[in-house]
Amino acid sequence: MRRTWSGAIALVMSWSVFVAAHAAGDAPPTIAVGETAAREGGPAIAGALGDALSEEIAARRDVRLTEDTRRARWVVRGSVVQLDEHAVADGLEVRCEVSLIVADARGGSVRAMLQGRAGARGVDDPERLARAALQAAVRGALRPIANIR
């Protein structure tokens, strides 16, 4: 009788370890937002890029946002490389391009270099159009992030 119970306990213990390991393997990778910069638009656009990255990562289910880079698997850094506005027939068009680097949080090995481009058009406030174009560019750039290994 004693062997049966010890065998059952061993089976339950090994099953729980297997389930815990499997669950940990299914956990989405954690990402922290690192430094951001802007070739055009100055510090305000660089800050807006950081905000857009945080919002987009937080909205996804395949990755998790963390504020603590020590707890992150990856760190994403980026730059606004182009931000143009010009008049069009029906108002104003703002075009934005971002360049992102996804690197290991520990060691800094580059995992991916991502780019996104987008535009926003309207008769609206140019600042609002710039933010919309920036958010769309970030969304496009981060699209393949779950496929990074």
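Thresholds applied
Residues numbered from 1 in each chain as written. Predicted model: local features only at pLDDT ≥ 70, side-chain atom pairs only at ≥ 80, totals over all residues. Heavy atoms only, no water. Pairing = 2+ DSSP bridges. Helix = DSSP H or I, 4+ residues; strand = E, 2+ residues; numbered from the N terminus. Salt bridge = Lys/Arg side-chain N within 4 Å of Asp/Glu carboxyl O. Buried < 20%, exposed > 50% of the residue type's maximum accessible area, 1.4 Å probe, protein only. Axes fitted to C-alpha atoms, helices over the stretch in contact; angles between N-to-C directions. Parallel < 35°, antiparallel > 145°, perpendicular 65-115°, else oblique. Left-handed = near helix turned anticlockwise from the far one by under 90°. Contact = heavy atoms within 4.5 Å. Nonpolar A, V, L, I, M, F, W, Y, C, P; charged D, E, K, R; others polar. Expected span 1.5 Å × (residues − 1).

Visitor: Residues and numbers for the pairing of strand S1 (residues 30-38), please.
Guide: Every regular strand shows the same layout, with side chains that alternate between the two sheet faces. Two strands pair when backbone bridges link them, and S1 and strand S2 (residues 64-65) are joined in this way by two bridges, in the parallel orientation. Looking across to S2, one finds that Thr30 is bridged to Arg64.

Visitor: How would you sum up the pattern of salt bridges? Please name residues and give values.
Guide: If you walk through the whole model with that rule in mind, you get seven salt bridges. The salt bridge involving Arg139 is made with Glu56; its shortest N-O contact spans 3.4 Å. Of the two residues, Arg139 is situated in helix H3 (residues 126-142) and Glu56 in helix H2 (residues 42-59); the sequence distance between them amounts to 83 residues. Looking at Arg139, the relative accessible area reads 42%, which means it is partly exposed. Of the residues examined, Glu56 reaches a relative accessible area of 14% and is grouped as buried.

Visitor: For the packing of H2 against H3, give the residues involved together with the corresponding values.
Guide: Two elements in contact, H2 and H3, have axes whose closest approach is 9 Å; the angle formed by their N-to-C orientations is 50 degrees. As judged from the angle between their axes, H2 and H3 are oblique. As H2 runs across H3, the sense of the crossing is right-handed. Side by side, H2 and H3 meet where Ile45, Ala48, Leu49, Asp51, Ala52, Leu53, Glu55, Glu56 and Ile57 of the first sit next to Arg131, Leu134, Gln135, Val138, Arg139 and Leu142 of the second. For the contact of H2 with H3, the per-class residue count stands at nine nonpolar, one polar and five charged.

Visitor: I'd like to hear about the environment of Ala146, residue by residue, with values.
Guide: Here Ala146 shows up in the segment after H3. Along the sequence, Ala146 and Asp62 sit 84 residues apart, while their C-alpha atoms lie 6.0 Å from each other.

Visitor: Please give an account of H3 that cites residues and values.
Guide: With 17 residues, H3 extends 24 Å from end C-alpha to end C-alpha; this agrees with the ideal 24 Å at 1.5 Å per step. All buried positions along H3 are accounted for by Leu129, Ala130, Ala133, Leu134, Ala137, Val138, Ala141 and Leu142. Of the surrounding secondary structure, the elements contacted by the buried residues of H3 are H2, strand S3 (74-88), strand S4 (91-104) and strand S5 (110-122).

Coordinates in, geometry out; function isn't part of it.
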